Amino acid sequence: PSNGFANVQSYAAYYERVAPIVASFGVPVITSGTSGKDLPWTATLAAILRAGTPRAPVSGYGFHPYGIAPENMAQATFEVRRVAGTPAGESPPPAYVTEIAQERAADLYATIVDLARATPTMTLYEYLPQPGEDPKYGLKNNPALYHAVLRAWVTLHPGG
């Protein structure tokens, strides 16, 4: 995966060191962070983290659904949640969509509305592109994308 780690084991070792520090401040900690639906990575990571002693805090699993069609993103999110597994007696961990990027307003609208049933939080990429970044995903410089977000909000939160 394109997350900067050579393999899932090195990522898990890093996460097991850092996550307890973040969690000590009362901040929920999510993990995984793959680009695309890398189910083997998430399943392996979840198994490693569950087996750790002490067990690393995991508030959920996140991924960036790049390369997944808008109509398939909610299903991909459910699959990430499923492969993360459920320790005995616990609820399945939530799956967070930690980056959404769409070039077409209709795709962005469909993605947001569809994902609202599958993830507690989603992050749009990105309000204003930074120097050196591709401007086609920015909301501020693409009025059609910005209005797609507004339409999705109204659809999901009528009257408010």
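Since this is a predicted model, take the numbers as computed values, not measurements. (Residues numbered from 1 in each chain as written. Predicted model: local features only at pLDDT ≥ 70, side-chain atom pairs only at ≥ 80, totals over all residues. Heavy atoms only, no water.)

**Re helix α1 (residues 8–23)**
Turning to step 1, where the next piece is worked out: For α1, with 16 residues, the first-to-last C-alpha span of 21 Å sits near the 22 Å given by 1.5 Å per residue.
Turning to step 2, where the next piece is worked out: Along α1, the largest kink reaches about 30° and is centred on E16; proline P20 follows within four residues of it.
Turning to step 3, where the next piece is worked out: Buried within α1 are the following residues: V8, Y11, A12, Y15 and A19.
Turning to step 4, where the next piece is worked out: Among the residues of α1, the N-terminal cap falls to N7, whose side-chain oxygen and the backbone nitrogen of Q9 are separated by 3.1 Å. (Helix = DSSP H or I, 4+ residues; strand = E, 2+ residues; numbered from the N terminus. Expected span 1.5 Å × (residues − 1). Bend = angle between axes of the 7 residues up to and from the residue. Buried < 20%, exposed > 50% of the residue type's maximum accessible area, 1.4 Å probe, protein only. Polar contact = N/O pair within 3.5 Å; in protein donor to acceptor, adjacent residues only side chain to side chain.)

**So, unusual backbone geometry**
Turning to step 1, where the next piece is worked out: With omega at 0°, the peptide bond leading from T53 into P54 counts as cis.
Turning to step 2, where the next piece is worked out: Within the element layout of this structure, P54 appears in the loop between α2 (39–51) and β2 (60–64).

**Considering a nonpolar patch on the surface**
Turning to step 1, where the next piece is worked out: A surface patch of nonpolar side chains, about 390 Å² in accessible area, is lined by I21, V22, F25 and V27.
Turning to step 2, where the next piece is worked out: On the accessibility criterion, V27 (41% relative accessible area) is partly exposed. (Patch = residues over 30% accessible without salt bridge, like charges linked within 9 Å, V, L, I, M, F, W, Y side chains within 5 Å. Areas by Shrake-Rupley, 256 points an atom, 1.4 Å probe, with all protein chains shown as cover. Salt bridge = Lys/Arg side-chain N within 4 Å of Asp/Glu carboxyl O.)

**Let's talk about the side chain of Q102**
Turning to step 1, where the next piece is worked out: With respect to the helices and strands, the residue Q102 is situated in the loop between β3 (95–100) and α4 (105–115).
Turning to step 2, where the next piece is worked out: Overall, Q102 belongs to the buried group, its relative accessible area being 10%.
Turning to step 3, where the next piece is worked out: Within the local environment of Q102, its side chain forms a polar contact with the side chain of T111, the two groups lying 3.3 Å apart.

**Points about the packing of aromatic side chains**
Turning to step 1, where the next piece is worked out: A complete count under the given rule lists 2 aromatic pairs for this structure.
Turning to step 2, where the next piece is worked out: Judged by centre distance (5.8 Å) and plane angle (50°), the rings of Y11 and W41 are tilted. Here Y11, found in helix α1, pairs with W41, found in helix α2; they are 30 residues apart in sequence, far enough to count as distant. There is no split in this pair, since Y11 and W41 are both buried. (Phe/Tyr/Trp six-rings, centres within 6.5 Å; stacked < 30°, edge-to-face > 60°.)

**Points about the environment of Y61**
Turning to step 1, where the next piece is worked out: Looking at the secondary structure, you find Y61 in strand β2.
Turning to step 2, where the next piece is worked out: Sequence spacing of Y61 and V97 is 36 residues, and the spatial spacing of their C-alpha atoms is 8.7 Å.
Turning to step 3, where the next piece is worked out: Once residues lying within four places of it in the same chain are set aside, the contact partners of Y61 are T31, S32, T42, L45, A46, L49, V80, A84, P93, P94, A95 and Y96. (Contact = heavy atoms within 4.5 Å.)

**Description of the packing of helix α3 (residues 73–84) against α4**
Turning to step 1, where the next piece is worked out: α4 packs onto α3 with a crossing angle of 40° between their chain directions and a minimal axis gap of 8 Å. Judged by the angle between their axes, α3 and α4 are oblique. Once α3 is placed against α4, the crossing between them reads as right-handed. Of α4, the residues touching α3 (which contributes M73, A74 and T77) are T111, D114 and L115.
Turning to step 2, where the next piece is worked out: Among the residues making up the contact of α3 with α4, the classes are represented as 3 nonpolar, 2 polar and 1 charged. (Axes fitted to C-alpha atoms, helices over the stretch in contact; angles between N-to-C directions. Parallel < 35°, antiparallel > 145°, perpendicular 65-115°, else oblique. Left-handed = near helix turned anticlockwise from the far one by under 90°. Nonpolar A, V, L, I, M, F, W, Y, C, P; charged D, E, K, R; others polar.)

**Some points on the packing of α4 against helix α5 (residues 143–156)**
Turning to step 1, where the next piece is worked out: Remark: α4 packs on α5, axes separated minimally by 8 Å, with the N-to-C direction vectors making an angle of 30°. It follows from the interaxial angle that α4 and α5 lie roughly parallel. Along this stretch, α4 crosses α5, giving a crossing that reads as right-handed. Contacts between α4 and α5 involve A105, L108, Y109, I112 and V113 from the first element and A144, L145, A148, V149, R151, A152, T155 and L156 from the second.

Keep in mind these values describe shape, not function.
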